Amino acid sequence: MAGPKSSSKPSPASSETSVAVSTLWKSYLDQTPDRLKFIDAFLAFIVLSGVLQFVYCVLVTNFPFNAFLAGFASSVGQFVLTASLRAQVNPENRSEFKEVSPERAFADFALGSIVLHFFVFNFLG
C-alpha cells in the first residue's frame, strides 16, 4: 500500500503561521529601540545558559549538586532582574513607572545583580 502523497504546497495553517511570525519579526526589528534589543539579546543568552546547565545536569552529572543549584538559580534570578529592567526602561511603559528614571532602573538592576551573585557565590560553599 502506498502512503499518502506529499504535496509541495504548504498547508494554509503553516503558511499563516509563517506570515504571522515574519510580520512579528519585522515589526520587532522596525519598532523596538536598540536599547531594548540589547536587553532582549542578554535575556536570550541567560535562557540559553540556564538550558545548557540543566541539560548538562541531566545528561552528564549533577555532582556537586549545590553548584548546579547555584548556577541555575543565578540564571533564573538574573533573568527576573533583567526582565524587570526591560519593563522599566521600555518607553511604552513610561506611564507605569513615572517615578523611575532609566538610570535609577539600571542602578536597581546593578545592585540587585550584586546581591544575587553574592548569595549565589556563598551557596557554592
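Note that the structure is a prediction, hence the values are computed from the model and not measured. (Residues numbered from 1 in each chain as written. Predicted model: local features only at pLDDT ≥ 70, side-chain atom pairs only at ≥ 80, totals over all residues. Heavy atoms only, no water.)

## Things to note about the overall build of the protein
In terms of regular secondary structure, the protein is built from four helices and zero strands. Each helix and strand of the protein, ordered N terminal to C terminal, gives the series α-α-α-α. Residue burial in the protein is summarised as follows: out of 125 residues, 20% are buried. Of the roughly 9,500 Å² of accessible surface on the protein, a fraction of 69% belongs to carbon and sulfur atoms. The average position of the 9 basic charges and that of the 9 acidic charges among the side chains of the protein differ by 8 Å. (Helix = DSSP H or I, 4+ residues; strand = E, 2+ residues; numbered from the N terminus. Buried < 20%, exposed > 50% of the residue type's maximum accessible area, 1.4 Å probe, protein only. Areas by Shrake-Rupley, 256 points an atom, 1.4 Å probe, with all protein chains shown as cover. Lys, Arg positive; Asp, Glu negative; His and termini not counted. Charge placed at Lys NZ, Arg CZ, Asp CG, Glu CD.)

## Let's talk about the environment of Tyr 28
Secondary-structure assignment places Tyr 28 in helix H1 (residues 12-31). If near-sequence neighbours (up to four positions away) are discounted, Tyr 28 is found in contact with Leu 36, Lys 37, Asp 40 and Arg 86. For Tyr 28, the side chain forms a polar contact with the side chain of Asp 40, separated by 2.6 Å. (Contact = heavy atoms within 4.5 Å. Polar contact = N/O pair within 3.5 Å; in protein donor to acceptor, adjacent residues only side chain to side chain.)

## Overview of a nonpolar patch on the surface
A surface patch of nonpolar side chains, amounting to about 1,100 Å² of accessible area, comprises Val 47, Val 51, Phe 54, Val 55, Tyr 56, Val 58, Leu 59, Val 60, Phe 72, Val 76, Phe 79 and Val 80. For the nonpolar patch, the elements supplying multiple residues, two or more each, are helix H2 (34-59) and helix H3 (65-89). Of the residues forming the nonpolar patch, the biggest block, seven residues, is contributed by H2. Of note, Leu 59 is situated in helix H2. (Patch = residues over 30% accessible without salt bridge, like charges linked within 9 Å, V, L, I, M, F, W, Y side chains within 5 Å. Salt bridge = Lys/Arg side-chain N within 4 Å of Asp/Glu carboxyl O.)

## Notes on the UniProt feature "transmembrane region" (unreviewed entry) in the protein
As annotated in UniProt, the feature "transmembrane region" (unreviewed entry) corresponds to residues 41-61, 67-85 and 105-124 in the numbering used here. Taken end to end, residues 41-61 is 90% helix and 0% strand, and its two terminal C-alpha atoms sit 29 Å from one another. Its end C-alpha atoms 27 Å apart, residues 67-85 is made of 100% helix and 0% strand. (UniProt positions renumbered as here; feature names shortened; annotations may be inferred.)

## A closer look at H3
Between its first and last C-alpha atoms H3 spans 36 Å; for 25 residues at 1.5 Å apiece the expected length is 36 Å, and the two agree. Among the residues of H3, those classed as buried are Phe 68, Ala 70, Ser 74, Ser 75, Gly 77, Gln 78, Thr 82, Leu 85, Gln 88 and Val 89. (Expected span 1.5 Å × (residues − 1).)

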